[in-house]
Amino acid sequence: MFKLSLRTEVYNKISNSFFEAFGKKPVDFVVEIPPEGFGDYSTNIAMVNAKFLRMAPRQIANELLESLTKIKWFKNVEIAGPGFMNFKLSESVYQELLSKFVDNVEFPKFDEEKVQFEFVSANPTGPLTVGHGRQAIIGDVLARVYKSIGYDVTREYYFNDAGKQMKALGHSLWVRYNALYGRKENFEEDDYKGDYLVNVAQKFSSEYGDAYVGQWDERVQTLFVSYARDKMFDWIKNTLDKIDVNFDVYFSESSLYKTGTTDEAMRILKAGNYVYEKDGTTWFAVSKILPKEEDRVIIRKNGEPTYFFSDIAYMLDKYKRGFKRVYYIWGADHHGYVPRMQAAAKALGIPDGFFNVIMHQFVTLKSGDEVVRMSKRQGEFTTLEDLVERVGKDATRYFFAMLDPNTHLVFDVDLAESKKMENPVYYVQYAHARVVSLLKNAQEKGINWENATLKNLTLPAEIDIMRFMGEFQEVIISTANEYKPQKLCNYAYSLSEKFHSYYNSNKIVDVKNRELSADRISLCIGVKNILRTVLSLLGISSPDSM
RNA sequence: GCGCCCGUAGCUCAAUUGGAUAGAGCAACGGACUUCUAAUCCGUAGGCUGCAGGUUCGAGUCCUGCCGGGCGCGCCA
């Protein structure tokens, strides 16, 4: 009996042998898949424990070798180089592993803690940009992964639909509306000049006619603000829906003031002496907690709270809702915000580890040789919706997920759009479709794989694929621990690569050799099950045929 | 000026978190379909991992200093 992670199992066996041989627990070592030609797994245990035991690495390895060779699991153990130990596993280990993946794909169970991912959180002043798209996919994929390993996950969208910017939005719509009737009204400085409001204005005019042309007062403003806001929010939600990103909670900033959370936050800050008055404004003493940081205004001279203060209250709210950890997914432009939020957490008496930020760098689009830069301010940007409509949901999700959030993403629109081999999305999906097609073929030929023994899977390529299946759980866990969705893409891609290669050089379905066929089909089913699982974590479809 | 992130093949990116010979795809060149989907496979070529030091059995990975790029340093959100 073993879990689905071969590596962990190998690790434990080595660790136990070490204890038996030396009467001590080993210091940290690793078990890894070595380069070609050094066996199935290798460990550096002898080298990293040399100092600890005051013995030469190769001598340690020699002593371990004796006890390890007695374990049935290992077919072969060798010592190489400066003291690496290389292992080959028995075929039966791989057979047992594969049989589990043929049945179904089990996730490692980690924890059931309540955690929250908050992302996108764009205010309803315009359409989502491709930058939001990256954030949406990173957040959604991580949420799916955390859910899969047992966490109680909430996806949350925080927004502010009150205040200055909403008034600017309403006014901008009104300007566009007037223009429809040939009346020139001027934009204010902070207005939204993107032409996306033209359509909204047309819609408005078809519902309300010309009743508000040339008229601007508080009543009119309220109408235009709420109309524009609703339309923008509909638009945003509709776009998110197109990429299968669904939030559990839409959280309004203004609700913090209605429920008294802001008052409570202020009380706590004051009680801890983190608040002071200066120049008619109220400050939060960030420097009291982080001496290198500057203090920040939380209540303006005009009496209005700052965005930062709302965020403090919002964090308190999250904490009170019982989350053990919350993750904020932020673009690189927000990194300066991290220290002050950490200070706020401290001042609120929230334990370390609660507040976490997952940062991602910016996105540029590339089409041909043309690089499209994003600038929301100037009203020039590609909307997420346009992108999705051009390349489709699957490619959009894959491309946003496939790079380390920490690197700049150049989204190659032409590549994402192409249905050719160079497109990694299709490459992976094709592997899945191929297996399905194989199964159909085998079924037609009357090959029964239900009772496959798996004993004929002895080719290096077959061992390699099975060993790689044994990495599945590791991949899930490191995706979660490191907040790196691209690990899923890389894993699915590599598995597909191994499969395609195997498929090309070996006949899977062969009526002349039914037993072998049954075994090979089982291997393919394992591949298919894992691919489908990983793709679903990425939110990408697994087509049966292409 | 200060802070954060990045720098790997011509291009876009990996590299099992300190491991053995730094790997893929695209682009270039050459092969494989009377055979389970050629949206595939196989091969050739391509590198001082930005530069210089340091830490150790061992560095693309960790530390220091430079160079180059991105972002930030509001009583904006």
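Given the structure is predicted, the values throughout are model-derived calculations rather than measurements.

Cut-offs applied
Residues numbered from 1 in each chain as written. Chains lettered and ligands numbered in written order. Predicted model: local features only at pLDDT ≥ 70, side-chain atom pairs only at ≥ 80, totals over all residues. Heavy atoms only, no water. Core = buried A, V, L, I, M, F, W, Y, C linked by side-chain atoms within 4.5 Å. Buried < 20%, exposed > 50% of the residue type's maximum accessible area, 1.4 Å probe, protein only. Helix = DSSP H or I, 4+ residues; strand = E, 2+ residues; numbered from the N terminus. Contact = heavy atoms within 4.5 Å. Patch = residues over 30% accessible without salt bridge, like charges linked within 9 Å, V, L, I, M, F, W, Y side chains within 5 Å. Areas by Shrake-Rupley, 256 points an atom, 1.4 Å probe, with all protein chains shown as cover. Salt bridge = Lys/Arg side-chain N within 4 Å of Asp/Glu carboxyl O. Expected span 1.5 Å × (residues − 1). Pairing = 2+ DSSP bridges. Axes fitted to C-alpha atoms, helices over the stretch in contact; angles between N-to-C directions. 1 Å grid on protein atoms, 1.4 Å probe; cavity = no way out; pocket = protein on both sides within 12 Å on 5 of 7 lines; lining within 4 Å. Points joined across faces, edges and corners; volume = space filled by probe spheres on them. Nonpolar A, V, L, I, M, F, W, Y, C, P; charged D, E, K, R; others polar.

Asks: What am I meant to see in the nonpolar core here?
Replies: It is characteristic of soluble globular proteins that their nonpolar side chains tend to be buried jointly. Membership of the largest hydrophobic core comes to 116 residues, with the highest contact counts inside it found for Phe117, Tyr157 and Phe411. Ranked by residues supplied to this core, first place goes to helix H21 (residues 514-538) with 12 residues. Ignoring any residue separated from it by four or fewer positions in sequence, one finds Phe117 in contact with Leu142, Ala143, Tyr146, Val153, Thr154, Arg155, Glu156, Tyr327, Ile329 and Ile358. Leu269, Tyr314, Trp330 and Met341 belong to the second largest nonpolar core, which has 34 residues in total.

Asks: I keep staring at a nonpolar patch on the surface and nothing clicks. Help me out?
Replies: Together, Val27, Val48 and Phe52 make up an exposed nonpolar region whose accessible area comes to about 200 Å². Relative to the assigned elements, Phe52 resides in helix H3 (residues 50-53). Judged by relative accessible area, Phe52 falls into the partly exposed class, the value being 36%.

Asks: Sorry, what's going on with helix H20 (residues 486-505) here?
Replies: Think of an α-helix as 3.6 residues a turn; residues three or four steps apart then line up on the same face. Taking 1.5 Å per residue as the helical rise, H20 with its 20 residues ought to reach 28 Å, and the 29 Å between its terminal C-alpha atoms agrees with that figure. Buried within H20 we find Gln486, Leu488, Cys489, Tyr491, Ala492, Leu495, Ser496, Phe499, His500 and Tyr502. Buried residues along H20 sit against helix H6 (130-148), helix H15 (393-401), helix H17 (424-444), helix H18 (460-469), helix H19 (472-482) and H21.

Asks: Can you help me understand the sheet that holds strand E9 (residues 281-284) in this one?
Replies: Within a beta sheet, neighbouring strands are joined by backbone hydrogen bonds and run either parallel or antiparallel to one another. Ordered in space as E8-E9-E10, the 3 strands form an open sheet in which the pairing is antiparallel. Both edges of this open sheet fall to strand E8 (275-278) and strand E10 (296-299), since each of them pairs with a single strand only. Between one strand axis and the next, the sheet turns through 45° on average, direction left out of account. Where E9 and E10 come together, 3 bridges link them in antiparallel fashion. Paired with Trp283 across the strands is Val297, a residue of E10. Of the strands in this sheet, E9 and E10 are in contact with helix H12 (residues 307-320), which crosses E10 at around 80°.

Asks: For this particular structure, what's the right way to read the layout of surface pockets?
Replies: Remark: the empty space left among the atoms is shown by a probe the size of a water molecule rolled over them. There is about 670 Å³ of room inside the second largest pocket. Lining of the second largest pocket is provided by 25 residues; of these, Ala162, Gly163, Lys164, Gln165 and Glu304 occupy positions nearest its centre. Those elements that provide at least two residues to the lining of the second largest pocket are helix H7 (164-180) and H12. Element by element, the count of residues in the lining of the second largest pocket is highest for H7, at 5 residues. Each residue belonging to the lining of the second largest pocket can be placed in one class, and the counts come to 7 nonpolar, 9 polar and 9 charged.

Distances and angles like these do not, on their own, reveal function.
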